[in-house]
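Understanding the architecture of this molecule
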Amino acid sequence: SEVTQTTEESLTDTQQELVLIIDDNPDMRDYISEVLAPNYHCITADRGEAGIELAKAQVPDLIICDIMMPGIDGYEVAKRLRHDIITSHIPLVLLTAKGDKESRIQGWNENIDDYMTKPFDEEELRARVGNIIALRSLVQSKYKLSTGEPETQADQYNEVDSAFLEKLMTTIQENYWDMTFKREQLASKMAISQRQLHRKIKALTNKNTMDILREYRLNMAKRKILSGKQLGLIADECGFSSSSHFSQCFKTKFGSSPKEFKNNH
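Along each chain, residue indices are assigned from 1 in the same order as the chain's sequence is written. Selection of residues for local features in this predicted model requires a pLDDT of at least 70, selection of side-chain atom pairs for listing and counting requires 80 or more, and totals for whole chains, interfaces and linings are taken over all residues. Here the side-chain values reflect all heavy atoms present in the structure, with hydrogen atoms and water set aside.

**Quick word on the nonpolar core**
Note the threshold: Nonpolar core, defined: a set of buried Ala, Val, Leu, Ile, Met, Phe, Trp, Tyr and Cys residues in which side-chain atoms within 4.5 Å join the residues together. Burial here depends on accessible area, computed with a 1.4 Å probe over protein chains only, as a share of the maximum for the residue type. Under 20% is buried, over 50% is exposed, and the range in between is partly exposed. Here a strand is any run of E in DSSP of at least two residues, a helix any run of H or I of at least four, and the numbering for each starts at the N terminus. The contact rule is simple, with two residues in contact once any of their heavy atoms fall within 4.5 Å.
The biggest cluster of nonpolar side chains holds 55 residues, and the ones touching the most others in it are I63, V77, F164, L168, I172, L197 and F246. At 7 residues, helix α9 (residues 209–226) tops the list of elements feeding residues into this core. If near-sequence neighbours (up to four positions away) are discounted, L197 is found in contact with F164, L168, R183, L186, A187, M190, I192 and T209. Judged by nonpolar contacts, the second largest core, of 17 residues, contains I32, L36, L62 and L95.

Rendered as structure tokens:
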């Protein structure tokens, strides 16, 4: 099965969103890639199985998948991606040649985001992709991290994504005090790669891993200050390597140094 070789560029975060196209028809893959290429970084797979593997490895921002393919079909691809913690959040567009209601209902049952009936034109493709990605940014902007608890609308994330965020926060909660605890250790405890962790967090919250970790540490520090804890101990207890680094981060987030904050409260 053929999978396009991804460049190094798709492993780091470029400004362009990453779109995965899964279709057994090489002309269709080329056509979609060509239409989206000016605005998105495209990678392709010619079978459902290969597409799922690529989706897990690269964690794209959007997946466009044909329904009728040899091996597993688009519905099965959608189902497997939705149930996998690494890919459950990725928007999915299914390509169909059928206009019949049954096949569409089957797709909605797998929680796909949109359907496109072939043949479609360039403008429609660009508009649909643009809309889905814009909608995702709206969801990200609702994500809040106050005392380390994600305050989310109940329906904002699917079950798998909610479970992921819960596991993430629990893991941070258990390890935030350890100054050697960084992205690598967090990924390892979450049993996924650093790239998968980074792409997943970015997609759900539009923050990077270290921002979330630092924010949690600072929120905990603030709570400790308010509870009357001695200032000299807090930096160490919240995983900061030095009190000057802690002071600097605290001031950036809360607008005053830990000492000023303590005196004001």
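Let us keep going from here.
**Observations concerning the sheet that holds strand β1 (residues 17–22)**
Our working definition: At least two DSSP bridges between two strands are required for those strands to pair. Lines fitted to the C-alpha atoms define the axes, with helices restricted to the stretch that makes contact. Angles between their N-to-C directions range from 0 to 180 degrees.
Sheet architecture is open: 5 strands sit in the order β2-β1-β3-β4-β5, paired in parallel fashion. Two strands bound the open sheet, and with one partner strand each, they are β2 (40–45) and β5 (114–117). Averaged over neighbouring strand pairs, the angle between their axes works out to 20° when direction is ignored. Relative to strand β4 (residues 92–96), strand β3 (residues 62–66) runs parallel, the two sharing 4 bridges. Within β4, the residue paired with D66 across the bridge is L95.

**So, the packing of α9 against helix α11 (residues 243–254)**
To keep it simple, the criterion reads: Each angle gets one of four labels, with under 35 degrees taken as roughly parallel, over 145 as roughly antiparallel, 65 to 115 as roughly perpendicular, and the rest as oblique. Charged means Asp, Glu, Lys or Arg here, nonpolar means Ala, Val, Leu, Ile, Met, Phe, Trp, Tyr, Cys or Pro, and polar covers whatever is left, Gly included.
Between α9 and α11, the shortest axis-to-axis distance is 10 Å and the interhelical angle comes to 90°. As far as their axial angle goes, α11 and α9 are roughly perpendicular. Between α9 and α11, the residues in contact are R214, E215, L218, N219, A221, K222 and I225 and F246, C249, F250, K253 and F254, respectively. A per-class count over the contact of α9 with α11 returns 7 nonpolar, 1 polar and 4 charged.

**With respect to the packing of aromatic side chains**
Geometry of an aromatic ring pair is reported as the spacing of the ring centres plus the angle between the planes. Test applied: We call Phe, Tyr and Trp rings a pair once their centres come within 6.5 Å, taking the six-membered ring for Trp, and we label the pair stacked below 30 degrees between planes, edge-to-face above 60, and tilted otherwise.
Summed over the entire model, instances satisfying the criterion amount to 7 aromatic pairs. Considering the side-chain rings of F250 and F261, the 5.4 Å spacing of their centres and the 75° angle between planes classify their relative orientation as edge-to-face. Within this pair, whereas F250 is found in helix α11, its partner F261 is found in helix α12 (residues 258–264), the two being separated by 11 residues in sequence. By relative accessible area, F261 is classed as buried at 6%.

**Overview of the side chain of S33**
Relative to the elements of secondary structure, S33 occurs in helix α1 (residues 26–36). When near neighbours in sequence (up to four residues on either side) are disregarded, S33 contacts I21, C42 and T44.

**Re helix α3 (residues 74–83)**
Stated precisely, the cut-off is as follows: As used here, the arc is the angular range of directions from the helix axis to the C-beta atoms. Throughout this description, a polar contact denotes any pair of N or O atoms lying within 3.5 Å of each other; where both atoms belong to protein, one of them has to be capable of donating a hydrogen while the other can accept it, and for residues adjacent in sequence the pair is counted only when both atoms sit in side chains.
Taken together, the buried positions of α3 are occupied by G74, Y75, V77, A78, L81 and R82. Looking down the long axis of α3, one finds its buried residues gathered within 160° of arc, a one-sided arrangement. Among the residues of α3, the N-terminal cap falls to D73, whose side-chain oxygen and the backbone nitrogen of Y75 are separated by 3.2 Å.

**Here we look at the pattern of salt bridges**
Counted only if it meets this: By definition, a salt bridge exists where a carboxyl oxygen of Asp or Glu is found within 4 Å of a side-chain nitrogen of Lys or Arg.
This model, assessed by the stated rule, comprises 15 salt bridges. Linking R82 and D113 is a salt bridge whose minimum nitrogen-to-oxygen distance equals 2.9 Å. Residue R82 is found in helix α3, and its partner D113 is found in the loop between α4 (101–109) and β5; the two are separated by 31 residues along the sequence. When its relative accessible area of 9% is taken as the criterion, R82 is described as buried. On the basis of relative accessibility, which here comes to 38%, the residue D113 falls in the partly exposed class.

**As for unusual backbone geometry**
Between K118 and P119 the backbone carries a cis peptide bond, its omega angle lying at -5°. Within the element layout of this structure, P119 appears in the loop between β5 and α5 (122–141). One non-glycine residue, V59, adopts positive backbone phi at about 50°. Assignment of secondary structure puts V59 in the loop between α2 (48–58) and β3. Accessibility expressed as a relative area gives 1% for V59, which makes it buried. In this structure, N206 takes a positive phi of about 60° despite not being glycine.

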